[in-house]
Amino acid sequence: MIPTAQRFIAVRYGDDLPAAVQVGGEILTGLARLLLVYVVLRLAFREPGLSNLTLRERWLRLTAGINERVRDFWFQFLVLAAAFVVLDILPTAAIALWVPDERQNLVNSVLVSVKNPTVIAYTILWMLGIGRTLMVGHRRTVSIQEPSAT
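Residues numbered from 1 in each chain as written. Predicted model: local features only at pLDDT ≥ 70, side-chain atom pairs only at ≥ 80, totals over all residues. Heavy atoms only, no water.

(A) Spatial organisation of the overall build of the protein chain. A tally of helices and strands in the protein chain yields five helices and zero strands. When the helices and strands of the protein chain are listed from N to C terminus, the series reads α-α-α-α-α. The C-alpha atoms of the protein chain give a radius of gyration of 20 Å, which is well past the 15 Å a tight globule of 150 residues would have. Overall, the protein chain is about 70 × 35 × 35 Å in size when its C-alpha atoms are taken along their principal axes. Taken over 150 residues, the protein chain has a buried fraction of 23%. (Helix = DSSP H or I, 4+ residues; strand = E, 2+ residues; numbered from the N terminus. Rg over C-alpha atoms; globule rule 2.2 N^0.38 Å. Buried < 20%, exposed > 50% of the residue type's maximum accessible area, 1.4 Å probe, protein only.)

(B) Structural context of helix 3 (residues 55-68). Along its 14 residues, helix 3 runs 20 Å from first to last C-alpha, staying within 8% of the 20 Å computed at 1.5 Å per residue. Of all the positions in helix 3, only Arg-58, Leu-62, Ala-64, Gly-65 and Ile-66 are classed as buried. For helix 3, the secondary structure elements touched by its buried residues are helix 4 (70-98) and helix 5 (101-136). (Expected span 1.5 Å × (residues − 1). Contact = heavy atoms within 4.5 Å.)

(C) A look at a nonpolar patch on the surface. Among the surface-exposed residues, Phe-84, Val-85, Val-86, Leu-87, Ile-89 and Leu-90 lie close enough to one another that they form a single nonpolar patch of about 510 Å² accessible area. Its place among the elements puts Leu-87 in helix 4. (Patch = residues over 30% accessible without salt bridge, like charges linked within 9 Å, V, L, I, M, F, W, Y side chains within 5 Å. Areas by Shrake-Rupley, 256 points an atom, 1.4 Å probe, with all protein chains shown as cover. Salt bridge = Lys/Arg side-chain N within 4 Å of Asp/Glu carboxyl O.)

(D) View of the packing of helix 3 against helix 5. Where helix 3 contacts helix 5, the two axes come as close as 7 Å, and the packing angle between them is 90 degrees. As far as their axial angle goes, helix 5 and helix 3 are roughly perpendicular. Facing helix 3, whose interface residues are Arg-58, Arg-61, Leu-62, Gly-65 and Ile-66, helix 5 presents Gly-131, Leu-134 and Met-135. For the contact of helix 3 with helix 5, the per-class residue count stands at four nonpolar, two polar and two charged. (Axes fitted to C-alpha atoms, helices over the stretch in contact; angles between N-to-C directions. Parallel < 35°, antiparallel > 145°, perpendicular 65-115°, else oblique. Nonpolar A, V, L, I, M, F, W, Y, C, P; charged D, E, K, R; others polar.)

Okay, structure coming up:
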């Protein structure tokens, strides 16, 4: 909810806020999102099948999973692009067309506040879930080969 409050205040009162408050709010928002990523990754890596792997083994599984399911991987970005159009571009255009000028600031503030805990957080979770799925769902055994000393 920290990014939600920060975005509402930044959009609604941005011109009236001191620069230090604006920068501090952006830093706090970034830290909250990084914390979300950290917590989700910690939980995901406690799962059977991932908890005993090294970072290198997880990376190898991820890349092998992408190679194995490349169309599924890229399809996620197509879906994300469509969601961006529907959940960001269209509402912003609708506000510009249909909301009176004197109310646009407030309506935009509410819009970005709603998008923060929904669209942005869920997109982060979605992308992390894709990575997890590719690591866990990888069918072939990934072996780590050390470079040969020649």
